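# Residue-level structure breakdown
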Amino acid sequence: MQNQKSRLAMIHLAKKQLGLDDEAYRAILSGVGVTSAKEIETDTQFNLVIGAFMRLGFLPSGHKVNKHRNTVPAANPGMISRRQEYYIKGLWALASRVKDEKSLRRMVKRIGKVDDIAFLSRRVASALILALRDICWKAGYNPDTKEGVCCGR
């Protein structure tokens, strides 16, 4: 593990750059099982936290944005992609009865066993997408059309 002070500095810089409130910041930390950045002990925990910050738009020094796709390289290739996260939120907005972030987080916790959508693995995100597509169909929406209108199933 590299210098603890530099890691703490990077985490706090990311929090400041992203303008996260304390609740959002603590939610990210709780996703790796800690309540404070000082409690981060492993490289994996640190990489997961920084990966979550990067998905929110944080760019540590030395990382460059791909000019052609306007994306940041994935911090951890096994974690949820931006497209999956966007698709999950779109499906949630389409078919959920309660369309708020809190209820989406409860579903993520129930299916993925993590506190925030940013900590889902790609495999679990795919399972969540399938569950949300099923909810869409049952609610009478076709998730494959732009309008979401179902012509019967």
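Summary of the structure given here. (Residues numbered from 1 in each chain as written. Predicted model: local features only at pLDDT ≥ 70, side-chain atom pairs only at ≥ 80, totals over all residues. Heavy atoms only, no water.)

### What about the pattern of salt bridges?
Enumeration according to the criterion identifies 7 salt bridges in this entry. Lys15 is the partner of Asp22 in a salt bridge, and the nearest nitrogen-oxygen pair spans 3.9 Å. On the accessibility criterion, Asp22 (42% relative accessible area) is partly exposed. Note that Lys138 and Asp134 form a salt bridge whose closest N and O atoms lie 3.1 Å from each other. Of the two residues, Lys138 and Asp134 both sit in helix H6 (residues 122-138), 4 residues apart, roughly one turn of that helix. (Salt bridge = Lys/Arg side-chain N within 4 Å of Asp/Glu carboxyl O. Buried < 20%, exposed > 50% of the residue type's maximum accessible area, 1.4 Å probe, protein only. Helix = DSSP H or I, 4+ residues; strand = E, 2+ residues; numbered from the N terminus.)

### Some words on the packing of aromatic side chains
One pass over the structure, following the stated rule, counts 0 aromatic pairs. When the ring centre of Phe46 is taken as origin, the NZ or CZ atom of Arg7, which lies over that ring, is 4.1 Å away. Its end group placed over the ring of Tyr25, Lys15 keeps NZ or CZ at 4.6 Å from the ring centre. (Phe/Tyr/Trp six-rings, centres within 6.5 Å; stacked < 30°, edge-to-face > 60°. Lys NZ or Arg CZ within 6 Å of the ring centre and 35° of its normal.)

### With respect to the side chain of Ser103
Following the sequence through the fold, Ser103 ends up in helix H5 (residues 101-112). Beyond its immediate stretch of four places on either side in the chain, Ser103 contacts Trp92 and Val98. (Contact = heavy atoms within 4.5 Å.)

### Overview of the nonpolar core
Judged by nonpolar contacts, the single largest core of 38 residues is most densely connected at Ile11, Val49, Phe53, Ile88 and Leu120. Setting aside anything within four residues of it in sequence, one finds Val49 in contact with Ile11, Ile28, Leu29, Val32 and Ile40. (Core = buried A, V, L, I, M, F, W, Y, C linked by side-chain atoms within 4.5 Å.)

### Some remarks on the environment of Leu56
Looking at the element boundaries, Leu56 is found in the loop between helix H3 (43-55) and helix H4 (82-95). Once residues within four sequence positions are removed from consideration, Leu56 is found in contact with Leu18, Leu20 and Ile28.

### Quick notes on the packing of helix H2 (residues 22-30) against H3
Look at H2 against H3: their axes get within 9 Å of each other, and the N-to-C directions meet at 135°. Looking at the two axes, H2 sits oblique to H3. Handedness of the crossing formed by H2 with H3: right-handed. Across from Tyr25, Ile28 and Leu29 in H2, the residues of H3 making contact are Val49, Ala52 and Phe53. Taken together, the residues of the contact of H2 with H3 break down into 6 nonpolar, no polar and no charged. (Axes fitted to C-alpha atoms, helices over the stretch in contact; angles between N-to-C directions. Parallel < 35°, antiparallel > 145°, perpendicular 65-115°, else oblique. Left-handed = near helix turned anticlockwise from the far one by under 90°. Nonpolar A, V, L, I, M, F, W, Y, C, P; charged D, E, K, R; others polar.)

### A look at the environment of Gly90
Assignment of secondary structure puts Gly90 in helix H4. You can call Gly90 partly exposed: its relative accessible area is 39%. Separated by 42 residues in the primary sequence, Gly90 and Leu132 place their C-alpha atoms 9.7 Å from one another.

### Quick notes on the layout of surface pockets
Roughly 240 Å³ of volume is contained in the second largest pocket. In terms of lining, the second largest pocket is formed by Trp92, Ala95, Ser96, Arg97, Val98, Ser103, Arg106, Met107, Arg110 and Ile135. Put simply, the parts of the chain that give the lining of the second largest pocket at least two residues each are H4 and H5. At 4 residues, H5 tops the list of elements feeding residues into the lining of the second largest pocket. For the lining of the second largest pocket, the per-class residue count stands at 5 nonpolar, 2 polar and 3 charged. (1 Å grid on protein atoms, 1.4 Å probe; cavity = no way out; pocket = protein on both sides within 12 Å on 5 of 7 lines; lining within 4 Å. Points joined across faces, edges and corners; volume = space filled by probe spheres on them.)

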